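Structural overview for review
Each chain, letter by letter, is given below.
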Amino acid sequence: EEFKEEIAIFASEFMRDGSAYILGAGTTTAKIAEVLGIEKTLLGVDVVKDGRLICRDASEEDLLRVIGEVGEAKIVVSPIGAQGFVLGRGSQQISPEVLRKVGPENLIIVATPHKLKETPRLLVDTGDCDLDETISGRRQVICGYRIAQLKEVSSSSKF
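Quantities reported herein were computed from a predicted structural model and do not represent experimental measurements.

Another point: the packing of aromatic side chains. Under the definition given, this model contains 3 aromatic pairs. A centroid spacing of 5.2 Å and a plane angle of 80 degrees characterise the contact between phenylalanine 10 and phenylalanine 14, whose relative ring orientation is edge-to-face. On the criterion of helical spacing, the pair formed by phenylalanine 10 and phenylalanine 14 is a turn pair, its members being 4 residues apart in helix H1 (residues 2-14). A relative accessible area of 15% means that phenylalanine 10 is categorised as buried.

Turning to the sheet that holds strand S4 (residues 73-77), a few remarks are in order. Overall, mixed pairing links the 9 strands, which are arranged S3-S2-S1-S4-S6-S8-S9-S7-S5 in an open sheet. A strand with exactly one partner marks an edge of an open sheet, and here the two such strands are strand S3 (52-55) and strand S5 (85-87). For this sheet the average axis-to-axis angle between neighbouring strands, irrespective of direction, equals 40 degrees. Inspection of the sheet shows S4 paired to strand S6 (residues 107-110) by 3 bridges, in the parallel sense. Paired with isoleucine 75 across the two strands is leucine 107, which belongs to S6.

This next bit is on the nonpolar core. Core analysis: the biggest nonpolar cluster contains 30 residues, and Ile22, Ile75, Ile94 and Val98 have the highest contact counts within it. If one sorts the elements of this core by residue count, helix H3 (residues 60-70) sits on top with 4 residues. If sequence neighbours within four positions are ignored, valine 98 has contacts with Ile22, Glu60, Leu63, Leu64, Ile67, Ile75 and Gln93. Ranked by size, the runner-up nonpolar core spans 16 residues in total, among them Ile7, Ala8, Ile32 and Leu36.

This brings us to the layout of surface pockets. If you add up the space inside the largest pocket, you get close to 280 Å³. Along the walls of the largest pocket sit 21 residues, with Gly26, Thr27, Pro79, Ile80 and Lys115 positioned nearest its centre. Mapped by element, the contributors of at least two residues to the lining of the largest pocket are helix H2 (27-36) and helix H5 (113-118). Residues belonging to the lining of the largest pocket are distributed by class as follows: 7 nonpolar, 10 polar and 4 charged. Here the second largest pocket is characterised by a volume of approximately 160 Å³. Elements represented by at least two residues in the lining of the second largest pocket include exactly S6, strand S8 (137-144) and strand S9 (147-155). Considering only residue class, the lining of the second largest pocket consists of 7 nonpolar, 1 polar and 2 charged.

In this section: H1. In a regular helix each residue adds 1.5 Å, so 13 residues correspond to 18 Å; H1 covers 19 Å between its end C-alpha atoms and thus fits that length. Residues Ile7, Ala8, Phe10, Ala11 and Ser12 constitute the buried set of H1. Of the surrounding secondary structure, the elements contacted by the buried residues of H1 are H2, S6 and S8.

Take the environment of lysine 115 next. Turning to its location among the elements, lysine 115 is positioned in helix H5. Sequence separation between lysine 115 and isoleucine 75 is 40 residues, and the spatial gap between their C-alpha atoms is 19 Å. Setting aside residues up to four positions removed in sequence, lysine 115 forms contacts with Pro79, Ile80 and Gly81. Separated by 3.5 Å, the side chain of lysine 115 and the backbone oxygen of proline 79 make a polar contact.

About the cut-offs
Residues numbered from 1 in each chain as written. Predicted model: local features only at pLDDT ≥ 70, side-chain atom pairs only at ≥ 80, totals over all residues. Heavy atoms only, no water. Phe/Tyr/Trp six-rings, centres within 6.5 Å; stacked < 30°, edge-to-face > 60°. Helix = DSSP H or I, 4+ residues; strand = E, 2+ residues; numbered from the N terminus. Buried < 20%, exposed > 50% of the residue type's maximum accessible area, 1.4 Å probe, protein only. Pairing = 2+ DSSP bridges. Axes fitted to C-alpha atoms, helices over the stretch in contact; angles between N-to-C directions. Core = buried A, V, L, I, M, F, W, Y, C linked by side-chain atoms within 4.5 Å. Contact = heavy atoms within 4.5 Å. 1 Å grid on protein atoms, 1.4 Å probe; cavity = no way out; pocket = protein on both sides within 12 Å on 5 of 7 lines; lining within 4 Å. Points joined across faces, edges and corners; volume = space filled by probe spheres on them. Nonpolar A, V, L, I, M, F, W, Y, C, P; charged D, E, K, R; others polar. Expected span 1.5 Å × (residues − 1). Polar contact = N/O pair within 3.5 Å; in protein donor to acceptor, adjacent residues only side chain to side chain.

The analysis is restricted to geometry; functional conclusions fall outside its scope.
Listed below in structure tokens is the structure:
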């Protein structure tokens, strides 16, 4: 799909800032890895730094270790499934502890315009209500090459 390609090309450009990028599950993040020339675990979480895969199919422990080693990290996630979960439900490796260490401001959400249109709101369910509240609100979602739109992100405990 052309928008996945656009998102992936844009991501491959901003991902060369020296940070480690934790790539969540999904076909949009898999497209980013493909553009970088990396084989992504489709359902797993991988870590990329300077265009190289530094941790494949990472566990929570792996993520905490990598963040400790590299210092600067960001998380790239995409809504999974029809409900639109960006955290929790299938990405347990990206735990509350991982999110706190990275910082909610370093959470990058990517999604195609089609996915955003079909998903009334994006949901988070990290298992930590305070953190879910911090992440909630209107957030930018990258949906094309240098294109983003604001989308409501809500804690799933509210529904």
